[in-house]
Amino acid sequence: LNNLSNDRKSTQILLKPFLKCNQKESRSLSGSLVAVASGKRSAIMFAKEKSFRLKGCGNLDQGFLLEEKGDHGELSLRGCMFEQTVQRELYMTQRVGRAIVDTGIRHIQCANTSLGLSQYTDKECLGFEIQYPGLPTPYCGIFETVGDRRLGDH
C-alpha cells in the first residue's frame, strides 16, 4: 500500500488484493472476510472499528470480466481500476479532503481518505490467463471511508 495510515494494524488486512464474491462462494474459500457490496465494482470492509472502501475489487460477484467492446470487438477489462485511474482517484480524493480542511469548517469532512492501492497479479485471482497483448493490469483503490449512500448514512 502507498501512503499507509498511522494505524498500521487496522490496515494490515488490506495489503493483499480482495475480490468480491457471493455468500455461497465465500463459505468455500479460506481467508474470506465479510464486506458489503457498494456499487458494481466496490465493497466496504469493516475492521478495527473502521470502514474501508475497496474500489475495483470485482464486477458484482463475477470477479473480473473481459467484455468485447468497440467497433472491432476489442476486449475491455471490467470490475477493476487501472494504474492511471487509481492514481488519479487517490490524488483527487486527497485533494478534495485537503480543500475541505482548508475552508476551516469543522463539521464537514471528506467521505473518503486515500490510503493506497493493491495490484492484482495472481492469475488464479483474476480468473483468466493474462494472454491478451495490451491488457492492462487490474488495480484496486483503497480508502478509509466514513460514509456511503448505499449504507444509508449519507
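Details of the structure are given in the entry above.
Residues numbered from 1 in each chain as written. Predicted model: local features only at pLDDT ≥ 70, side-chain atom pairs only at ≥ 80, totals over all residues. Heavy atoms only, no water.

Engineer: Whenever I open this one, helix α3 (residues 83-103) confuses me. Can you help?
Structural biologist: Residues lying three or four places apart along an α-helix face the same way, a consequence of the helix completing one turn every 3.6 residues. Over its 21 residues, α3 extends 31 Å from the first C-alpha to the last, a length consistent with the 30 Å expected when each residue adds 1.5 Å. Every buried residue of α3 is accounted for by V86, L90, T93, G97 and I100. Seen end-on, α3 carries its buried residues on one side only, within an arc spanning 95 degrees. Residues Q84, D102 and T103 are exposed on α3 and point more than 90 degrees away from its buried face. Looking at the buried side of α3, the elements it contacts are β6 (112-119) and β7 (139-145). (Helix = DSSP H or I, 4+ residues; strand = E, 2+ residues; numbered from the N terminus. Expected span 1.5 Å × (residues − 1). Buried < 20%, exposed > 50% of the residue type's maximum accessible area, 1.4 Å probe, protein only. Arc of directions from axis to C-beta. Contact = heavy atoms within 4.5 Å.)

Engineer: Would you mind going over the pairing of strand β4 (residues 65-69) with me for this structure?
Structural biologist: For a regular strand, the rule is simple: side chains alternate between the two faces of the sheet. Strand direction decides the pairing type here: β4 and strand β5 (residues 74-78), joined by five bridges, are antiparallel. Bridge pairing in β5 links L65 to R78. The hairpin turn running from β4 into β5, its antiparallel successor, is four residues long, and G70 in that turn takes a positive phi close to 85 degrees. (Pairing = 2+ DSSP bridges.)

Engineer: Would you mind showing me how to read the packing of aromatic side chains here?
Structural biologist: Aromatic ring pairs are described here by two measures, namely the spacing of the ring centres and the angle between the planes. In total, this model carries one aromatic pair according to the counting rule given. Relative to Y120, the ring of F64 has its centre 4.8 Å away and its plane inclined at 75 degrees; by these criteria the two rings are edge-to-face. Here Y120 lies in the loop between β6 and α4 (123-126) and F64 lies in the loop between β3 (50-55) and β4, a separation of 56 residues in the sequence. An identical accessibility class is assigned to F64 and Y120; each is buried. (Phe/Tyr/Trp six-rings, centres within 6.5 Å; stacked < 30°, edge-to-face > 60°.)

Engineer: What is the right way to look at unusual backbone geometry in this model?
Structural biologist: Note on backbone geometry: most residues besides glycine have negative phi, and most peptide bonds are trans. The backbone phi angle of L60 is positive, close to 50 degrees, even though this residue is not glycine. By the secondary structure assignment, L60 is in the loop between β3 and β4.

Engineer: Help me out: how do you make sense of the pairing of strand β2 (residues 42-47) in this one?
Structural biologist: For β2, the tally of buried residues reaches five of six residues, placing the bulk of the element in the interior. Bridge count for strand β1 (residues 35-37) against β2 is three bridges, and the pairing is antiparallel. Considered in β2, the bridge of V36 is made with I44. If you look at the hairpin formed by β1 and β2, you'll find four residues sitting between the two strands, and G39 has a positive phi there, around 95 degrees. Of the strand pairs in this sheet, β2 and β3 are connected by six bridges, and their pairing is antiparallel. In the sheet register, F46 faces β3, and the bridge partner there is S51.

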